[in-house]
Amino acid sequence: MGLPEMWSFMCRFNSFKRTNIILQHLRRSMHMDAAGEVLLERRGCAGVITLNRPKFLNALNLNMIRHIYPQLKNWEQDPETFLIIIKGAGGKAFCSGGDIRGSCQKPYVALIHGITMGGGVGVSVHGQFRVATEKSLFAMPETAIGLFPDVGGGYFLPRLQGKLGYFLALTGFRLKGRDVYAAGIATHFVDSEKLGMLEEDLIALKSPSKENIADVLEAYHTKSKIDQDKSFILEEHMDKINSCFSANTVEQIIENLQQDGSSFALEQLKVINKMSPTSLKITLRQLMEGSSKTLQEVLIMEYRLSQACMGGHDFHEGVRAVLIDKDQSPKWKPANLKEVTEEDLNSYFKSLASNDLKL
């Protein structure tokens, strides 16, 4: 969820009947003191960002973003800073939520070690270098809470191999370890015990070019032995994914999965049927449109979607079911795909005119 979306999210909850409970939950996970929650250091040739909220899986909050963004811009202008490294503290998560939506013109190395969801994707996947480890866990699970894969998901997901991105977006399927690299989400794979050495070698570079940085990353990647011979977890299913998820409607995707009838197809059908029908239709159109848009155009589109979702039913219900009451039984409205009309869908994508996101 991006900066404007987070702000709108908190404001609009004032009209929601469970306001107090939800705000208490948000305060626990997004308290307003950023001191110590993000560490910003100049080390050698690099600016190093450490997301330092391990108890909250290093989820970004608004104040952290307000600290990170200006420092990124300062480093961008600093002739002595040649690359940016971003990592998460604690070993369990890189970053599980939030988003800074800021682009950086200098080489950007994201060490996506541990859980990488939501904003963790936003602050890594658009960078030039993304390093996964055997402990990486990637997912875009937003359709399960009545939302959509934001943080530029409409840009990078449809650009993955075949229809893989569509599959990941609609099902929330989790990729682990070397599979994050095999899917094209990470650019390199390094054994987690070598991450510290990799960081030190990057920092020790003298006035490095992108090619120098790439050479160091490639050297570590080549030496990595963990799961080296393991095939991609979805490799045997890619033909089915490409075939079933090539449809232009969610209804047709579901029909394709039913007609396929394999255990894999039926398992995905079971998963999809639990998701918000509105979110499924929004997400498919988001990726289809995003496949031919620039990243900036996608972010503007996703801001419109986020504003519409905040004013709708399913996101609030998804938060209640998954994060608040944790009954995992959301009551979606509309409850089925047929009731989500083309007119409904168009309303999510319409321009906000003067209120559109400015980039």
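Residues numbered from 1 in each chain as written. Predicted model: local features only at pLDDT ≥ 70, side-chain atom pairs only at ≥ 80, totals over all residues. Heavy atoms only, no water.

## Focus on the side chain of Asp179
- The topology assignment puts Asp179 in helix 7 (residues 178-182).
- The class for Asp179 is buried, based on a relative accessible area of 4%.
- If near-sequence neighbours (up to four positions away) are discounted, Asp179 is found in contact with Lys230, Ser231, Phe232 and Ile233. (Helix = DSSP H or I, 4+ residues; strand = E, 2+ residues; numbered from the N terminus. Buried < 20%, exposed > 50% of the residue type's maximum accessible area, 1.4 Å probe, protein only. Contact = heavy atoms within 4.5 Å.)

## Section: helix 3 (residues 62-77)
- Its 16 residues place the ends of helix 3 23 Å apart at the C-alpha level, agreeing with the 22 Å of an ideal helix rising 1.5 Å per residue.
- Inspection of helix 3 places Leu62, Asn63, Met64, Ile65, Ile68, Leu72, Trp75 and Glu76 among the buried residues, and these make up the whole buried set. (Expected span 1.5 Å × (residues − 1).)

## Structural notes on the sheet that holds strand 3 (residues 83-88)
- Taken together, six strands build an open sheet; the order of strands is 1-2-3-5-7-10 and the sheet is mixed. Each having just a single partner strand, strand 1 (38-43) and strand 10 (188-189) make up the two edges of the open sheet.
- On top of the sheet, helix 3 reaches strand 1, strand 2 (46-51), strand 3 and strand 5 (108-112); it is set at about 15 degrees to strand 1, its chief contact. (Pairing = 2+ DSSP bridges. Axes fitted to C-alpha atoms, helices over the stretch in contact; angles between N-to-C directions.)

## Quick look at the packing of aromatic side chains
- Tallying each qualifying case throughout the model produces three aromatic pairs.
- When the ring of Phe167 is compared with that of Phe173, the centres are 5.3 Å apart and the planes differ by 45 degrees; the resulting orientation is tilted.
- Where Phe167 meets Phe245, the ring centres are 5.5 Å apart and the plane angle is 85 degrees; that geometry is what we call edge-to-face. Taken together, the residues span a long stretch of sequence, with Phe167 in helix 6 (residues 164-171) and Phe245 in the loop between helix 10 (238-244) and helix 11 (250-260) at a distance of 78 residues. Note on accessibility: Phe167 and Phe245 belong to one class, buried.
- Linked through ring pairs, Phe167, Phe173, Phe245 and Phe264 together constitute an aromatic cluster. (Phe/Tyr/Trp six-rings, centres within 6.5 Å; stacked < 30°, edge-to-face > 60°.)

## Quick notes on the packing of helix 8 (residues 195-203) against helix 9 (residues 210-223)
- Look at helix 8 against helix 9: their axes get within 10 Å of each other, and the N-to-C directions meet at 160 degrees. With respect to their mutual orientation, helix 8 and helix 9 come out roughly antiparallel. As for how helix 8 packs across helix 9, the hand of that crossing is right-handed. Here Met197, Leu198, Asp201 and Leu202 of helix 8 come into contact with helix 9, specifically with Ile213, Val216, Leu217 and Tyr220.
- Class assignment for the residues of the contact of helix 8 with helix 9 results in seven nonpolar, no polar and one charged. (Parallel < 35°, antiparallel > 145°, perpendicular 65-115°, else oblique. Left-handed = near helix turned anticlockwise from the far one by under 90°. Nonpolar A, V, L, I, M, F, W, Y, C, P; charged D, E, K, R; others polar.)

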